[in-house]
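Examining the three-dimensional arrangement
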There are 2 protein chains.
Amino acid sequence: MTTKLYCFGESGPSYKAALAMTLARMDWTPVFVDFFAGEARSPDFRQNVNAMGECPVLVTDELTLTQSGAILQWITDQTGRFGGVGTETYEVLRWVLWDNHKLSSQLGMLRFLMNFLPPERRPGAVIEFTQGRAKAALKTLEAHLDGRDWIVGQEVTNADLSCCSYLYYPEPFGFDRADWPNIDRWLSNISALPGWRHPYDLMTRAFPGPPKEET
Amino acid sequence: MTTKLYCFGESGPSYKAALAMTLARMDWTPVFVDFFAGEARSPDFRQNVNAMGECPVLVTDELTLTQSGAILQWITDQTGRFGGVGTETYEVLRWVLWDNHKLSSQLGMLRFLMNFLPPERRPGAVIEFTQGRAKAALKTLEAHLDGRDWIVGQEVTNADLSCCSYLYYPEPFGFDRADWPNIDRWLSNISALPGWRHPYDLMTRAFPGPPKEET
């Protein structure tokens, strides 16, 4: 079975899927999407790859799938990895959903607005508001990780792989590991896993280019 | 088994779980959370009910679970309803995740900022920015529903129950069914289901009160 992932380096959601497949030693091929040139928003991409106009997109012989959390579940079903055991599966899913709703959604937008938009187009009020929401989400995660090595259970799960993604990127968006000791320790646990790689080592970078929308 | 749902009427995420349990004819009891008085953000609630400080929270004899998408999956596992068949299960999950990331997240914040905050505290720039993101998400849903009765497959699934929730609320937040004919038809399909009830008929309203954060 051929497994392709439409992605680009700056895409936090793409990194979640790319990291999971890499850690699970799956055979997969990245397909570069020139996001900042608008490729993911193009009529051709929307019609033939993903109507949602987003990355990542997983394409196998059997299915085409988007949304990183759904791709993570597919990887779990394929490999038996990262899904948790017993009722942990619900805990893993709730943290993946929380990440999509409260953490990565804010961090991704902040990183885009503060780094991939021309300075004159950066909306200060929106950035300030979003940083407040991001800080509230980071506080929830920091408190949960107190005394824990992993978000759910005793080993790495999709909860970790989803929540961690934006936190490894170098572009400034208001997150400093030194301010969050439990998150810092947890990020070190993940990057110490055999086979871990940084997003820019797994996927081709698409920036610079004319930004169209946040990843 | 006793099934309790910590919720309040204005909570779109709570409505997703309440509606699914109601349509599935499950035996459940709503537990009112005085959200606008800060109950969900209180140390007691965070410690004893939900560290994420959010509603809904499902409490059964076996588990406590938050995040509407995770509760919807639990309802599917309990009843066999709304999960889709075969690879549809991934399609259902991806739309639930998309809703949490791109649709309900924007609509919930807009409704809060435009209705539950005192007028003098409403951030105009944030509202304008968020309305742009909400409109983009509604365009994606409107296009997908062209020629479809349901988001995934041939019957109602968690994809529909997740995406529809905020769209039944009366408070103005920039959505008019008349502007979105496919969404309008789809919302009528859902509300025509046997046992369907409006959120304010399923859960006790918590507003007015001093707002603390969007639902």
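Each value, and the rule that gives it
Residues numbered from 1 in each chain as written. Chains lettered and ligands numbered in written order. Predicted model: local features only at pLDDT ≥ 70, side-chain atom pairs only at ≥ 80, totals over all residues. Heavy atoms only, no water. pLDDT = per-residue confidence, 0-100. Core = buried A, V, L, I, M, F, W, Y, C linked by side-chain atoms within 4.5 Å. Buried < 20%, exposed > 50% of the residue type's maximum accessible area, 1.4 Å probe, protein only. Contact = heavy atoms within 4.5 Å. Salt bridge = Lys/Arg side-chain N within 4 Å of Asp/Glu carboxyl O. Helix = DSSP H or I, 4+ residues; strand = E, 2+ residues; numbered from the N terminus. Buried area = accessible area lost by both parts, 1.4 Å probe. Least-squares fit on C-alpha atoms with pLDDT ≥ 70 in both. Axes fitted to C-alpha atoms, helices over the stretch in contact; angles between N-to-C directions. Parallel < 35°, antiparallel > 145°, perpendicular 65-115°, else oblique. Nonpolar A, V, L, I, M, F, W, Y, C, P; charged D, E, K, R; others polar.

Moving on, we get to the confidence of the model for chain A. Mean pLDDT over chain A stands at 94; residues scoring 70 or higher make up 97%. Across the whole predicted complex the pTM is 0.94, and at the interface the ipTM reaches 0.92.

Core analysis: the biggest nonpolar cluster contains 158 residues, and Ile-183 and Trp-186 of chain A together with Ile-183 and Trp-186 of chain B have the highest contact counts within it. Sequence-distant contacts of Trp-186 of chain A, defined by excluding residues within four places in its chain, comprise Leu-141, Leu-145, Asp-149, Trp-150, Ile-151, Asp-160, Cys-163, Cys-164 and Leu-167 of chain A.

Turning next to the pattern of salt bridges. Residue and element names in this part refer to chain A. Inspection of the entire model under this criterion finds 16 salt bridges over all chains. Of the charged contacts in the structure, one is a salt bridge between Glu-91 and Arg-94, with a shortest N-O distance of 3.1 Å. Of this pair, Glu-91 and Arg-94 both sit in helix α4 (residues 88-116), three residues apart, roughly one helical turn. Note on Arg-94: relative accessible area 9%, which makes it buried.

Let us now look at the interface of chain B and chain A. How large an interface is tends to be reported as the accessible area lost when its parts come together. Of the residues lining the interface, 36 residues belong to chain B; the matching set on chain A comes to 36 residues. Buried surface at the junction of chain B and chain A, summed over both partners, amounts to about 3300 Å²; 64% is from carbon and sulfur atoms. Ranking the residues of chain B by area buried against chain A places Tyr-90, Arg-94 and Leu-97 of chain B at the top, with a combined share of 20%. Connecting chain B to chain A are two salt bridges.

On to the relation of the copies chain B and chain A. Put simply, the two copies of the chain differ by a rotation about an axis and a shift along that axis. In the superposition of chain B on chain A (RMSD 0.0 Å, axial shift 0.0 Å), the rotation amounts to 180°. When the rotation and shift are considered jointly, the pair of chain copies conforms to a two-fold rotation axis. Take the interface residues of chain B: 100% of them recur as interface residues in chain A, which is what a same-surface contact looks like.

Okay, the packing of helix α5 (residues 124-144) of chain B against helix α7 (residues 181-191) of chain B next. Residue and element names in this part refer to chain B. Look at α5 against α7: their axes get within 8 Å of each other, and the N-to-C directions meet at 70°. By the angle between their directions, the pair α5 and α7 is classed as roughly perpendicular. In contact with Leu-138, Leu-141 and Glu-142 of α5, α7 contributes Pro-181, Asn-182, Ile-183 and Trp-186. Residue composition of the contact of α5 with α7, grouped by class: five nonpolar, one polar and one charged.

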